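Observations on the three-dimensional arrangement
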Amino acid sequence: MQNSNNNREQVLLGLLQSVEQDGRRSQRHMASEFGVALGLINMYLKYCMRKGYVKVKRIPAGRYIYFLTPKGVTEKSRLIVAHLSNSLTFFRQAREDCTHVIEHAAERGWHRLVLCGAGDLADIAFLCAEGKSAIFVGVIDPNCQNPSFRGLPVVRDIDSMVPFDAVIVTDQNDPQATYDLLITRIESSRVLPLSVLRVSSAPIQQAG
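So, a few notes on the structure that sits alongside this text.

Parameters and conventions
Residues numbered from 1 in each chain as written. Predicted model: local features only at pLDDT ≥ 70, side-chain atom pairs only at ≥ 80, totals over all residues. Heavy atoms only, no water. Helix = DSSP H or I, 4+ residues; strand = E, 2+ residues; numbered from the N terminus. Buried < 20%, exposed > 50% of the residue type's maximum accessible area, 1.4 Å probe, protein only. Polar contact = N/O pair within 3.5 Å; in protein donor to acceptor, adjacent residues only side chain to side chain. Contact = heavy atoms within 4.5 Å. Phe/Tyr/Trp six-rings, centres within 6.5 Å; stacked < 30°, edge-to-face > 60°. Core = buried A, V, L, I, M, F, W, Y, C linked by side-chain atoms within 4.5 Å. Salt bridge = Lys/Arg side-chain N within 4 Å of Asp/Glu carboxyl O. Axes fitted to C-alpha atoms, helices over the stretch in contact; angles between N-to-C directions. Parallel < 35°, antiparallel > 145°, perpendicular 65-115°, else oblique. Left-handed = near helix turned anticlockwise from the far one by under 90°. Nonpolar A, V, L, I, M, F, W, Y, C, P; charged D, E, K, R; others polar. Pairing = 2+ DSSP bridges.

**Looking at unusual backbone geometry**
- Its identity as a non-glycine residue notwithstanding, Arg 150 has a phi of 50°, on the positive side.
- Mapping Arg 150 onto the fold places it in the loop between strand 5 (148-149) and strand 6 (152-155).
- Within the chain, Arg 198 stands out as a residue other than glycine whose phi angle is a positive 55°.
- Along the chain, Arg 198 turns up in the segment after strand 8 (191-193).

**Considerations on the side chain of Asp 171**
- Mapped onto the elements, Asp 171 comes out in the loop between strand 7 (166-169) and helix 7 (175-182).
- Its relative accessible area of 13% is what places Asp 171 among the buried residues.
- In terms of polar contacts, Asp 171 uses its side chain to reach the backbone amide nitrogen of Asp 174, at 3.4 Å.
- When neighbours within four sequence positions are excluded, Asp 171 is seen to be in contact with Cys 116, Gly 117, Thr 178 and Leu 197.

**Considerations on the packing of aromatic side chains**
- Applying the stated criterion across every chain yields a total of three aromatic pairs.
- Relative to Phe 149, the ring of Phe 126 has its centre 6.2 Å away and its plane inclined at 50°; by these criteria the two rings are tilted. Note that Phe 126 is positioned in helix 6 (residues 120-129) and Phe 149 in strand 5, a separation of 23 residues in sequence. The residues Phe 126 and Phe 149 share a single accessibility class, namely buried.
- Among the aromatic side chains, those forming a connected cluster through ring pairs are Phe 126, Phe 136 and Phe 149.

**Some thoughts on the nonpolar core**
- Grouped together as the largest cluster of nonpolar side chains are 65 residues, with contacts concentrated most on Phe 136 and Ile 168.
- Among all residues touching Phe 136, those that are not within four sequence positions of it are Ile 102, Leu 113, Leu 115, Ala 125, Phe 126, Ala 129, Leu 152 and Ile 168.

**Some words on the pattern of salt bridges**
- Evaluation of the coordinates by the stated rule reveals six salt bridges.
- Notably, a salt bridge pairs Lys 132 with Glu 103, separated by 3.4 Å at the nearest N-O pair. Pair noted here: Lys 132 is in the loop between helix 6 and strand 4 (135-140) and Glu 103 is in helix 5 (residues 89-107), with a separation of 29 residues, a long-range link.
- Residue Lys 132 is classed as partly exposed on the basis of its relative accessible area, which comes to 34%.
- Judged by relative accessible area, Glu 103 falls into the partly exposed class, the value being 36%.
- Glu 187 is the partner of Arg 190 in a salt bridge, and the nearest nitrogen-oxygen pair spans 3.5 Å.

**As for the packing of helix 2 (residues 27-34) against helix 3 (residues 38-51)**
- Where helix 2 meets helix 3, the closest approach of the two axes is 8 Å, and the angle between their N-to-C directions is 115°. Judged on the interaxial angle alone, helix 3 and helix 2 are roughly perpendicular. As helix 2 packs across helix 3, the resulting crossing turns out to be right-handed. Mapping the contact onto sequence places Gln 27, Arg 28, Met 30, Ala 31 and Phe 34 in helix 2 and Leu 38, Ile 41, Asn 42 and Leu 45 in helix 3.
- Per-class residue counts for the contact of helix 2 with helix 3 are six nonpolar, two polar and one charged.

**Remarks on the environment of Gly 14**
- Tracing the sequence through the fold places Gly 14 in helix 1 (residues 2-21).
- Among the residues examined, Gly 14 registers a relative accessible area of 10% and is labelled buried.
- As for Gly 14 and Phe 34, which are separated by 20 residues in sequence, their C-alpha atoms are 8.8 Å apart.

**Concerning the sheet that holds strand 7**
- Pairing is mixed in the open sheet, where six strands are placed in the order 5-6-4-3-7-8. Each edge of the open sheet carries a strand with a single partner, namely strand 5 and strand 8.
- Where strand 5 meets strand 6, two bridges bridge the pair, whose relative direction is antiparallel. Within strand 6, the residue paired with Phe 149 across the bridge is Leu 152.
- Sitting on the sheet, helix 5 touches strand 3 (112-116), strand 4, strand 7 and strand 8, and the angle it makes with strand 8 is about 155°.
- Taken strand by strand, helix 7 contacts strand 3, strand 7 and strand 8, and its axis lies near 165° from that of strand 7.

Rendered as structure tokens:
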């Protein structure tokens, strides 16, 4: 999905620029600066380190300093050339959407939830579920190579899933096809797509 890919790259650009400007900034400082959850900043910094864009060094007082690698400089330049901006717009919207669908499910007594799509949106859903009654029982993703995601079992299709109350669509590759398939297998009201994915479905009405 082009829009989600663009917004994901906007986050990477923002983080790479922040590290380049001052690698001594704490993750908490960056979270406050960007107006997002600390866990989200941590998730993307780890991604940057896995990709080789950023290196980290421990300094006195139990703190860390982040360095932009040559590979990171190249990636930052690529993103700038692509004129990406508003680095966290997509993820702020995704956070609002995840919070809304989790609350929507709780209002209906649906607490055992499944995520359909392992990836960034599923991570955000986990962050939004903290302190709420939602219990994630598994992840559906036929393309995931790992048998688990955040400690949950990953299965290829809904028939292999343990009992659940509702499904949150977090697939960013082809969310419409995922939604269309799910509503052929379970009651459509129990399939909860995120607004940010622009899935054509009966919208979940927000209170007020």
